[in-house]
Amino acid sequence: MKSLLRSPHLVDKYGIILLLGLTWIYILLRAAFTPVIHDEAETFYIYIQSGNFLPPDAYPDANNHLLNSLLTFGFYKLFGSALFVLRLPNLIAALFYFFFIYRLSLLFKSRINKWAFVLSMTFIHFVIEFFAYSRGYGISMAFLTGSVYYLMRFLQHPRFRFQALAALCIALAASANLTLLNSYILVHVLILFGLFIHYKTISRRAFWLTLVFQIALWLPVLYFLTKYSLMLRSAGALYYGSTEGFLKVSVGSLSDVLFRPAPQILMYAMTVVFVAAVVVFVFLFFRKYFFSRENFSSFVFPLMLGGNIVMTILLCKLFKVNYPEDRAALYFVLLLAGTVSVIADSAPVIRKRIRLLLFTPFMLIAIQFFMSLSLNFSSYTPEYRIPQSFYKYLS
């Protein structure tokens, strides 16, 4: 025991595993005891019970998160219609989410940044909640995190399995949540970028095998998801969000659900931290920090975040595609957490106290996490929650 306490690495390892394990138990209890939410009921009666969830025959609505519907239908057929059973796909996805958080934490040099990353990715109650609901958001966040992890590993060590797993994970994430279509494109672009960066260090066979695999997987999935998105749009089913501005719709709505006591404070904090992260990123870029092979992977989170923001704004400006709001924009929070953590870990020239200030938004979000701890309360669309009096009346 004494030797364990003397090893910071082992303390971090078992401390992080304990934290993630306890959080998963909390999710398990929420899945068992939290009352059904209206979107879950809609998903079940329209798509799961009927078994008609595959396009183009399924009823066109953004509620149909394809991978979630497929997995939930399978559990429904195997184990019945109990609410806990319908939530099992997301509960299992939480294990993947925590596994990838742990694996990503091992890539950080600083213990402080490692713990800041883990806490920032874990203590977001609005994210954690979705692993206890029969919706696609939890599954998508798990596989988005996995895709980023394997992409970073591929840029460090250009092995076929890393890019294959990155591509598989982002395909699963986008099929569970269509708002990750931009992320799907970005992951494949970065894989191709990494392939050419490492052109001289990998065999020609591995190069062409990777390139063919990317094209063979990327284009068919992109075609299917894009076609499905256009079908939903033509049916008026992509109704969530609006075109009133990225800051107001996406950042503002996220602030409302992530820090209910004072959402404006969180919105300003996230904006300031994002700008600061951009400044530090540019500084590191011109210092050629990212140009060395061992640091290639450090720009994955920043480019995923920046690329998503740029693509989201362009889609709205050019094609009038709505800016995503609250739950549909959750991936921005995870990408911001990863970006801040990587920037802090990559900038030793910045004082430790200043680096910790970058995590201010996530300190506020963590406060909301502990304020929201409950087994029967849902912060998901509170205006549509079924009151406890309704259940008492039925009983």
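Going along each chain's sequence as written, the residues are numbered from 1 onward. Restriction of local features to residues with pLDDT of at least 70 applies here, the model being predicted, together with a cutoff of 80 or more for giving and counting side-chain atom pairs; totals for whole chains, interfaces and linings are based on all residues. Only heavy atoms go into the side-chain values, all of them from the structure, while hydrogens and water stay out.

**Student:** Help me understand the overall build of the chain in this model?
**Tutor:** Secondary structure elements are defined from DSSP: runs of H or I of at least 4 residues count as helices, runs of E of at least 2 residues count as strands, and each element is numbered from the N terminus. If you tally the helices and strands in the chain, you get 19 helices and 0 strands. In this setup the radius of gyration rests on C-alpha atoms only. A globule is expected at 2.2 Å times the number of residues raised to 0.38. The C-alpha radius of gyration computed for the chain amounts to 21 Å, which stays within 12% of the reference 21 Å derived for 395 residues, consistent with globular compactness. Overall, the chain is about 65 × 50 × 45 Å in size when its C-alpha atoms are taken along their principal axes. Put simply, the chain has 395 residues, and 54% of those count as buried. Any two residues whose heavy atoms approach within 4.5 Å at even a single point are treated as in contact. Residue pairs in contact within the chain that sit at least 24 positions apart in sequence constitute 76% of those at least 6 positions apart. Of the roughly 18200 Å² of accessible surface on the chain, 70% is carried by carbon and sulfur atoms. Taking the 33 positively charged and 14 negatively charged side chains of the chain as two groups, their mean positions are separated by 16 Å. Here's how the labels work: a residue is buried when its accessible area is under 20% of the maximum for its type, exposed when over 50%, partly exposed in between, all with a 1.4 Å probe on protein chains only. Working definition of accessibility: Shrake-Rupley area with a 1.4 Å probe, residue cover restricted to the visible protein chains. His is not counted, nor are the chain ends; Lys and Arg add positive charge and Asp and Glu add negative charge. Charged side chains are reduced to one point each, which is NZ for Lys, CZ for Arg, CG for Asp and CD for Glu.

**Student:** Which parts of the structure should I look at to understand unusual backbone geometry?
**Tutor:** Glycine aside, the phi torsion of most residues is negative, and most peptide linkages are trans. Across the junction of P55 and P56, the peptide omega takes the value 5°, indicating a cis bond. One can find P56 in the loop between α3 (38-48) and α4 (66-79). Positive phi values are uncommon outside glycine, yet K320 reaches one of about 60°. Note on placement: K320 falls in the loop between α15 (300-319) and α16 (330-346). Notably, D326 is not glycine yet its phi reads approximately 30°, a positive angle. Its location among the elements puts D326 in the loop between α15 and α16.

**Student:** Would you explain the packing of aromatic side chains in this entry?
**Tutor:** Two descriptors summarise a pair of aromatic rings, namely the distance from one centre to the other and the angle between the planes of the rings. Pairing of aromatic side chains requires ring centres within 6.5 Å, counting the rings of Phe and Tyr and the six-membered ring of Trp. Pairs whose planes differ by under 30 degrees are stacked, by over 60 edge-to-face, and all others tilted. For the coordinates displayed, the defined rule picks out 28 aromatic pairs. Aromatic rings pair up to connect Y26, F123, F369 and F370 into one cluster. We call a charge positioned above a ring when the Lys NZ or Arg CZ atom is no farther than 6 Å from the ring centre and deviates by at most 35 degrees from the ring normal. A cation over a ring is seen here: R161 above F162, with NZ or CZ 4.7 Å from the ring centre. Over the face of the ring belonging to Y199 we find R204, whose NZ or CZ atom lies 4.1 Å from the ring centre.

**Student:** What's the story with the packing of α15 against α16 in this structure? I'm lost.
**Tutor:** Packed helix pairs are specified by the crossing angle of their axes together with the interaxial distance, meaning the distance between the axes. Interhelical geometry of α15 versus α16 gives an angle of 140° and a closest axis separation of 7 Å. Taken together, the axes of α15 and α16 are oblique relative to one another. In terms of crossing hand, the pair formed by α15 and α16 is left-handed. Here F301, P302, M304, L305, N308, I309 and T312 of α15 lie close against α16, whose contacting residues are Y331, F332, L334, L335, L336, G338, T339, V342 and I343. Angles here are taken between N-to-C directions and fall from 0 to 180 degrees, while the axes themselves are lines fitted to C-alpha atoms, restricted in helices to the stretch in contact. Angle categories: roughly parallel below 35 degrees, roughly antiparallel above 145, roughly perpendicular from 65 to 115, and oblique for all the rest. Crossing handedness is read from the near helix: turned anticlockwise from the far helix by less than a right angle, it gives a left-handed crossing, and turned clockwise, a right-handed one.

**Student:** Before we go on, may I ask you to explain the nonpolar core in this structure?
**Tutor:** Looking at soluble globular proteins, one finds that nonpolar side chains tend to be buried together. Counting residues in each nonpolar core, the largest one holds 116 residues, and the members touching the most others are Y97, F131 and L258. Sort the elements by how many residues they give to this core and helix α9 (residues 136-156) lands first, with 13 residues. With residues up to four places along the chain from it excluded, the contact list for F131 reads I27, R87, N90, L91, A93, A94, Y97, G138, I139, M141 and A142. Among buried residues, the Ala, Val, Leu, Ile, Met, Phe, Trp, Tyr and Cys ones that are joined through side-chain atoms within 4.5 Å form a nonpolar core.

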